[in-house]
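An overview of the molecular structure
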Amino acid sequence: MLFLVAALLLLGTLMGTAAFVPPSVTAAGTAAIAVWLLAFAARERSARRRRQ
């Protein structure tokens, strides 16, 4: 849960600063968050399959 809060905080920070930073920095931050969310989803899916 702490990781989710940290990700949301990071997303909020990136969204707020998107107007002030170069597009490449915004895209890199967006990509990092997307990769983290995909890894989290894959981990949760594999854990759910092991439980069943």
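Heads up: the structure comes first, above all this text.
Below: a short report on this structure. (Residues numbered from 1 in each chain as written. Predicted model: local features only at pLDDT ≥ 70, side-chain atom pairs only at ≥ 80, totals over all residues. Heavy atoms only, no water.)

Before going further, it helps to spend a moment on helix α2 (residues 23–51). When the terminal C-alpha atoms of α2 are compared, their 42 Å separation across 29 residues agrees well with the 42 Å that a helix rising 1.5 Å per residue should span. Among the residues of α2, those classed as buried are Thr26, Gly29 and Ile33. Summarising the contacts, the buried residues of α2 are in contact with α1 (2–17). (Helix = DSSP H or I, 4+ residues; strand = E, 2+ residues; numbered from the N terminus. Expected span 1.5 Å × (residues − 1). Buried < 20%, exposed > 50% of the residue type's maximum accessible area, 1.4 Å probe, protein only. Contact = heavy atoms within 4.5 Å.)

Below, the discussion takes up a nonpolar patch on the surface. On the surface, Phe3, Leu4, Leu8, Leu11, Met15, Trp36, Leu37 and Phe40 cluster together to form a nonpolar patch covering roughly 820 Å² of accessible area. Here Leu37 shows up in helix α2. Under the relative-accessibility criterion, Leu37 is labelled partly exposed at 41%. (Patch = residues over 30% accessible without salt bridge, like charges linked within 9 Å, V, L, I, M, F, W, Y side chains within 5 Å. Areas by Shrake-Rupley, 256 points an atom, 1.4 Å probe, with all protein chains shown as cover. Salt bridge = Lys/Arg side-chain N within 4 Å of Asp/Glu carboxyl O.)

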